[in-house]
Amino acid sequence: QVQLVESGGGSVQPGGSLTLSCAASGSIFSANDMAWYRRVPGNQRELVARVTGGGTPTYVDSVKGRFTISRDNQQKSVYLQMNNLKPEDTGVYYCNVNWFGTYYWGPGTQVTVSP
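Residues numbered from 1 in each chain as written. Predicted model: local features only at pLDDT ≥ 70, side-chain atom pairs only at ≥ 80, totals over all residues. Heavy atoms only, no water.

**Quick look at the pattern of salt bridges**
One side chain can pair with another of opposite charge once the charged atoms of both are near each other. Per the counting criterion, the structure on display carries four salt bridges. Where Arg 38 meets Glu 46, a salt bridge forms, and the shortest distance between an N and an O atom there is 2.7 Å. Given a relative accessible area of 4%, Arg 38 falls into the buried group. Judged by its relative accessible area of 29%, Glu 46 is partly exposed. Ionic pairing is found between Arg 66 and Asp 89, a salt bridge with its closest N-O pair at 2.8 Å. A residue pair is termed long-range when its members are at least 10 positions apart, and Arg 66 in the loop between β6 (57-59) and β7 (67-72) and Asp 89 in the loop between β8 (77-82) and β9 (91-99) qualify at 23 residues. Pair check on accessibility: Arg 66 and Asp 89 agree, each one buried. The network of salt bridges with common partners includes Arg 38, Glu 46, Arg 66 and Asp 89. (Salt bridge = Lys/Arg side-chain N within 4 Å of Asp/Glu carboxyl O. Buried < 20%, exposed > 50% of the residue type's maximum accessible area, 1.4 Å probe, protein only. Helix = DSSP H or I, 4+ residues; strand = E, 2+ residues; numbered from the N terminus.)

Shown next, in the form of structure tokens:
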């Protein structure tokens, strides 16, 4: 069984920064891909960034150059550094792990970007 808990959400002004953290418990292995998704108002949940077990990141085009995903395998954690935040980044951010084909989700953390 895998459990994920996100933290670090909040409210910031446009141009501000936030760092999201996700702590995993259970049988997480360094080979498991980990990712951040978000659900923005009125839209479906979308992939924001993913990091492979080997540390290779991928990003949705809208966050490239602004967000950085990283992981600490010893701490079973994944992070999302978000810079130059925009109002369209507002949403609920979810941590995700692909545990050998089974996807686990955290409860989500709210990020609000407004003047």
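Next comes the rest of the description.
**A word on the state of the cysteines**
For the coordinates displayed, the defined rule picks out one disulfide. Through a disulfide, Cys 22 is tied to Cys 95; the S-S separation comes to 2.1 Å. Its S-S torsion of approximately -80° makes the covalent link between Cys 22 and Cys 95 left-handed. Residue Cys 22 is found in strand β3 (residues 18-26), and its partner Cys 95 is found in strand β9; the two are separated by 73 residues along the sequence. (Disulfide = S-S within 2.5 Å.)

**Re the environment of Trp 36**
Here Trp 36 is to be found in strand β4 (residues 34-39). Considered as a pair, Trp 36 and Arg 50 are 14 residues apart in the sequence and their alpha carbons are 6.4 Å apart. Only 3.5 Å separates the side chain of Trp 36 from the backbone oxygen of Tyr 79, close enough to count as a polar contact. (Polar contact = N/O pair within 3.5 Å; in protein donor to acceptor, adjacent residues only side chain to side chain.)

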